[in-house]
Amino acid sequence: MTNLVLHDYFRSSASFRVRIALNLKGLDYDRVEVSLIAGEQRSDAFLEQNAQGFVPMLVVDGEPIIQSMAIIDWLDRAYPEPRLIPEDAMPRAVALARAQVIASDIHPLNNLRVLKYLKRDLGLNEQTKDRWYRHWIVEGFDALEAMAGEGRFLGGDTPGIADCCLIPQMYNARRFDTPLDDYPRLVAIDAACMEHDAFKKAHPDAVKPA
């Protein structure tokens, strides 16, 4: 049996994506909490396995895989059902485009290390930093609302990679008081996903340290 160990941080949206994917696949895995606030991701032991010093990291029988999208792609190839990334070329491109609006365009501008740099190195105050955060969510959500299909989920009739990316971003949007009135499809998809045990069990509130 394959041994899966996920090194993550409960509030990391990239880690949240991977927890959803693992749960959708119905896989058993062990979690190792890596506190980004305490800087545990910069420890020598962690950097030996992950030179970037980021979470998530999935260790598969001792072999580390980093980057959330690479991990989800590996999961889809190693455990094909239920499929999260379509096999056919055009549906695959559509699913990945929706996912990348979040994973490539919103999230990199809003992750913890960027927010720390804005505040610590550039001297932005909390209010301005939060405006920065909301701005990039709104830009991405404006596009994603228009890109959403007719299915119950962003991925169609069943959850897919785009939903794995969307739900953590919706969580972040609410944390930073981003207005969501202009995104009825995204709000409805978020509600549909959160009825699913795979999403509930991956939520930061369900895995946060005691």
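Residues numbered from 1 in each chain as written. Predicted model: local features only at pLDDT ≥ 70, side-chain atom pairs only at ≥ 80, totals over all residues. Heavy atoms only, no water.

As named in an unreviewed UniProt entry, the chain is Maleylacetoacetate isomerase, taken from Sphingopyxis italica. Under the Sequence similarities (unreviewed entry) heading, UniProt states for the chain: "Belongs to the GST superfamily. Zeta family." (UniProt positions renumbered as here; feature names shortened; annotations may be inferred.)

Asker: When you look at the packing of helix α6 (residues 126-147) against helix α8 (residues 184-193) in this model, what are you seeing that I'm missing?
Answerer: Angle between the axes and distance between the axes are the two parameters that describe a pair of packed helices. Close contact between α6 and α8 brings their axes to 8 Å; oriented N to C, the two are set at 80°. As the angle between them shows, α6 and α8 are arranged roughly perpendicular. Contacts between α6 and α8 involve Phe 141, Leu 144 and Glu 145 from the former and Pro 184, Arg 185 and Leu 186 from the latter. Taken together, the residues that form the contact of α6 with α8 break down as 4 nonpolar, no polar and 2 charged. (Axes fitted to C-alpha atoms, helices over the stretch in contact; angles between N-to-C directions. Helix = DSSP H or I, 4+ residues; strand = E, 2+ residues; numbered from the N terminus. Parallel < 35°, antiparallel > 145°, perpendicular 65-115°, else oblique. Contact = heavy atoms within 4.5 Å. Nonpolar A, V, L, I, M, F, W, Y, C, P; charged D, E, K, R; others polar.)

Asker: Got a minute to help me understand the UniProt feature "domain: GST N-terminal" (unreviewed entry) in the chain in this structure?
Answerer: The residues that UniProt annotates with the feature "domain: GST N-terminal" (unreviewed entry) are residues 2-83. Between the end C-alpha atoms of residues 2-83 there is a gap of 19 Å, over a span that is 35% helix and 21% strand.

Asker: Sorry, what's going on with the layout of surface pockets here?
Answerer: It is a probe the size of a water molecule, rolled over the atoms, that shows where empty space is left. The volume enclosed by the largest pocket comes to roughly 1,000 Å³. Its residues placed into classes, the lining of the largest pocket shows 16 nonpolar, 13 polar and 9 charged. Inspection of the lining of the largest pocket shows a minimum of three residues originating in each of domain 1 (4-82) and domain 2 (89-199). In terms of lining, the second largest pocket is formed by 15 residues, of which the most central are Leu 84, Pro 86, Ala 95, Gly 155 and Gly 160. Secondary-structure elements contributing two or more residues to the lining of the second largest pocket are α4 (89-110) and α7 (161-175). The biggest single contributor to the lining of the second largest pocket is α4, with 4 residues. Along the lines of polarity and charge, the residues of the lining of the second largest pocket split into 10 nonpolar, 3 polar and 2 charged. (1 Å grid on protein atoms, 1.4 Å probe; cavity = no way out; pocket = protein on both sides within 12 Å on 5 of 7 lines; lining within 4 Å. Points joined across faces, edges and corners; volume = space filled by probe spheres on them. Domains from an automatic or database assignment.)

Asker: Any chance you could explain the UniProt feature "domain: GST C-terminal" (unreviewed entry) in the chain here in plain terms?
Answerer: According to UniProt, the positions carrying the feature "domain: GST C-terminal" (unreviewed entry) are residues 88-210. The annotated region residues 88-210 carries 72% helix and 0% strand content, and the separation between its end C-alpha atoms amounts to 43 Å.

Asker: Sorry if this is basic, but what is going on with the pairing of strand β4 (residues 63-66) here?
Answerer: Sheet faces and side chains relate simply in a regular strand, where the side chains alternate between the two faces. Direction of pairing for strand β3 (residues 57-60) relative to β4: antiparallel, over a ladder of 4 bridges. Note on β4: the bridge partner recorded for Leu 58 is Ile 65. Between β3 and β4, which pair antiparallel one after the other, the connecting turn spans 2 residues, and Asp 61 there sits at a positive phi close to 50°. (Pairing = 2+ DSSP bridges.)

Asker: Would you explain a negative patch on the surface in this entry?
Answerer: On the surface, Glu 139, Asp 142, Asp 181 and Asp 182 cluster together into a negatively charged patch. With respect to the helices and strands, Asp 182 occurs in the loop between α7 and α8. (Patch = residues over 30% accessible without salt bridge, like charges linked within 9 Å, V, L, I, M, F, W, Y side chains within 5 Å. Areas by Shrake-Rupley, 256 points an atom, 1.4 Å probe, with all protein chains shown as cover. Salt bridge = Lys/Arg side-chain N within 4 Å of Asp/Glu carboxyl O. Lys, Arg positive; Asp, Glu negative; His and termini not counted. Charge placed at Lys NZ, Arg CZ, Asp CG, Glu CD.)

Asker: Hey, could you run me through the sheet that holds β3 in this one?
Answerer: To summarise the sheet geometry, strands pair through backbone hydrogen bonds and adopt either a parallel or an antiparallel arrangement. Strand order across the open sheet formed by 4 strands is β2-β1-β3-β4, with mixed pairing between neighbours. The strands lining the two open edges of the sheet, one partner per strand, are β2 (30-33) and β4. Between one strand and the next, the sheet's axes are offset by a mean angle of 25°, whatever the strand orientation. The pairing of strand β1 (residues 4-8) with β3 spans 4 bridges and is antiparallel. Note on β3: the bridge partner recorded for Val 5 is Val 59. The sheet contacts of helix α1 (residues 13-24) involve β1 and β2, and relative to β1 the element is tilted by about 155°. Lying on the sheet, helix α3 (residues 68-78) is in contact with β1, β3 and β4; it crosses β4 at an angle near 120°.

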